[in-house]
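Descriptive analysis of the structure
Chain by chain, the residues run as shown.
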Amino acid sequence: MRKISVNTSTPYEVIIERGSLARTGSLIVGITDSRRAVVITDDTVGGLYAEDLMDSLSDAGIKADVFVFPHGEQSKSIKTLSDIYDFLCEAEITRSDLLIALGGGVVGDITGFAAATYLRGIDFVQIPTTLLSQVDSSVGGKTAVDIPGGKNLVGAFKQPKLVICDSDILRTLPEEELACGMAEVIKYGMIRDKDLFELIASHDITNVDEIMDELVYRCIDIKREVVEHDEFDRGERMMLNFGHTLGHAIEGWHNYTDYTHGMGVAAGMCMITDRLANKPVADALRKCVEAYNLPTGTEAPMKELLPFCSKDKKRESGSISYIVCREIGKAEIVKVPVTEFEKLMEG
Ligand code: NAD
Ligand code: GLY
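Looking only at helices and strands, the chain has 13 helices and twelve strands in total. The globule rule puts the C-alpha radius of gyration for 347 residues at 20 Å, and the 20 Å found for the chain is close to it. Reported as C-alpha extents along the three principal axes, the dimensions of the chain are approximately 60 × 40 × 35 Å. For the chain, the residues scored as buried account for 58% of the 347 residues in total. Within the chain, counting contacts between residues at least 6 apart in sequence, those at least 24 apart form 74% of the total.

Written out as structure tokens, the structure reads:
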């Protein structure tokens, strides 16, 4: 078992261990006196893992109910949130009880937001079941729901009480979802850790399972460091958005249909690196991205992507911040007027 201690405003541990889902009950008993919980999950993950989790909770003397909603981003809504609140009321959940998020980033984000707001805040545990949620969304305390005006527009910072990463769970992920998470893993190598990048580049989508625990550990440790320095996203944390400004634009241009978030991020990282770094760095990134069946670009014309970039959340009063890695393992945050960013991208 490997452990990472995250020293944010409320500290917590991340457990990284194959098979740890079955130990959830005893791990929770070790961090709280609460013996009452609600597990929140989606229909896909619930069907695969809720029973094992409930057995483990029951063996540890924790009484739990399960709330299940349909899988997919469309469920990360005010409507689902309201259904969760009703369920918690009905189950007579009090401030000393616990929510447990069992699922990917959608489940983690909405459960975290429910935990941040129900009774003005109750504890929650993250059991992330996608690679993206293990290396990114379950750690760092960003929680949110989507509204018709945009993704993640309503949210709160709420750190979990514990995060349990069991990489055995990732074996049931569809390959496209695994690749999506690998885009974020490659991102960590690019922004912070050349050795990690080389480890990733020495594998591919067919054999990455061999090194999964090591990847999860190293990515979370990078996220820990960044989040400890900038918990509330006022500066350094922005570097976690490498590839995301163009990535979100590509997702938007494709109407969030045929391009997943990870595909957008992979293409976005390659496109910005092609323009702003030297050829060996750009070539190494492209080769690595291709090894995980991710795209290195898009057919969307840059002219049509730029209006989506201008709507990006990282834009402030006429300027935009983008992240560039001129060397593998080193990220710079560059803030420029939107017009300069557009010239750079069109050039
Ligand atoms: P997701 O939660 O929608 O999961 C993807 C799909 O995989 C779903 O259909 C799910 O049912 C299925 N699935 C999950 N685990 C599985 C498993 N082990 N086996 C088989 N199927 C499984 O998507 P995601 O990529 O995990 O998360 C995306 C969300 O995360 C977005 O809403 C995004 O905004 C959010 N996010 C949040 C943060 C943050 O810091 N809070 C960071 C990045 C992304
Ligand atoms: N996923 C970006 C962040 O946590 O800041």
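Having seen it, we continue.
We now examine helix H13 (residues 338-346). Every buried residue of H13 is listed here: Val 338, Phe 341 and Met 345. Projected down its long axis, H13 shows its buried positions confined to an angular sector of 60°, all on one face. Turned more than 90 degrees away from the buried face of H13, the exposed residues are Thr 339 and Lys 343.

Around ligand 1, a shell composed of 26 residues is seen, among which Glu 73, Gly 105, Thr 129, Thr 130 and Thr 172 lie nearest. Interatomic distance of 3.1 Å between a backbone N/O atom of Val 106 and an oxygen atom of ligand 1. Within the side chain of Thr 172, one N or O atom sits 2.7 Å away from a nitrogen atom of ligand 1. Summarising the interface, the protein chains cover 88% of the accessible area of ligand 1, which totals 860 Å² for the free molecule. Contributions of two or more residues to the shell around ligand 1 are made by helix H2 (43-59), helix H4 (105-117), helix H5 (131-137) and strand S8 (150-157). In terms of residue count, H2 provides more of the shell around ligand 1 than any other element does, four residues in total. The residue inventory of the shell around ligand 1, partitioned by class, reads eight nonpolar, nine polar and nine charged.

Another point: helix H11 (residues 279-291). With 13 residues, H11 should reach 18 Å at 1.5 Å per residue; the first-to-last C-alpha distance of 18 Å fits that figure. Within H11, burial applies to Val 281, Ala 282, Leu 285, Cys 288 and Val 289. For H11, the angular spread of buried residues about the axis comes to 130°, placing them on one side. In H11, those exposed residues whose orientation departs by more than 90 degrees from the buried face are Lys 279, Pro 280 and Lys 287. Residues of H11 that are buried in the fold lie against helix H6 (175-192), helix H7 (194-201), helix H10 (261-276) and strand S11 (319-327).

Next up on the list: the nonpolar core. Counting 75 residues, the largest nonpolar core has Val 14 and Ile 186 as its most contacted members. When neighbours within four sequence positions are excluded, Ile 186 is seen to be in contact with Phe 197, Ile 200, Met 269, Leu 285, Cys 288, Val 289, Tyr 292 and Leu 294.

So, on to the site of ligand 2. If you check the shell around ligand 2, you find Asp 136, Lys 142, Lys 223, Arg 237 and Leu 240 and nothing else. Within the side chain of Asp 136, a nitrogen or oxygen atom sits 2.9 Å from a nitrogen atom of ligand 2. A total of 200 Å² of accessible area belongs to ligand 2 in isolation, and the protein chains cover 86% of it. Across the shell around ligand 2, the residue classes tally to one nonpolar, no polar and four charged.

This next bit is on the sheet that holds strand S6 (residues 123-128). An order of S1-S2-S9-S6-S5-S3-S4 is seen for the seven strands of this open sheet, with the pairing classed as mixed. Edge positions in the sheet fall to strand S1 (2-6) and strand S4 (63-69), since each has one partner strand and no second. For this sheet the average axis-to-axis angle between neighbouring strands, irrespective of direction, equals 20°. With five bridges joining them, strand S3 (residues 36-42) and strand S5 (residues 98-103) adopt parallel strand pairing. Among the inter-strand pairings, Ile 40 is bridged to a residue of S5, identified as Ala 101. Against the sheet, H4 makes contact with S3, S4, S5 and S6, and its axis sits at roughly 165° relative to S5, the strand it touches most. Against the sheet, helix H8 (residues 212-229) contacts S1, strand S2 (12-16) and strand S9 (162-165), and its axis sits at roughly 10° relative to S1.

Rules behind the numbers
Residues numbered from 1 in each chain as written. Chains lettered and ligands numbered in written order. Predicted model: local features only at pLDDT ≥ 70, side-chain atom pairs only at ≥ 80, totals over all residues. Heavy atoms only, no water. Helix = DSSP H or I, 4+ residues; strand = E, 2+ residues; numbered from the N terminus. Rg over C-alpha atoms; globule rule 2.2 N^0.38 Å. Buried < 20%, exposed > 50% of the residue type's maximum accessible area, 1.4 Å probe, protein only. Contact = heavy atoms within 4.5 Å. Arc of directions from axis to C-beta. Near = heavy atom within 4 Å. Polar contact = N/O pair within 3.5 Å; in protein donor to acceptor, adjacent residues only side chain to side chain. Areas by Shrake-Rupley, 256 points an atom, 1.4 Å probe, with all protein chains shown as cover. Nonpolar A, V, L, I, M, F, W, Y, C, P; charged D, E, K, R; others polar. Expected span 1.5 Å × (residues − 1). Core = buried A, V, L, I, M, F, W, Y, C linked by side-chain atoms within 4.5 Å. Pairing = 2+ DSSP bridges. Axes fitted to C-alpha atoms, helices over the stretch in contact; angles between N-to-C directions.

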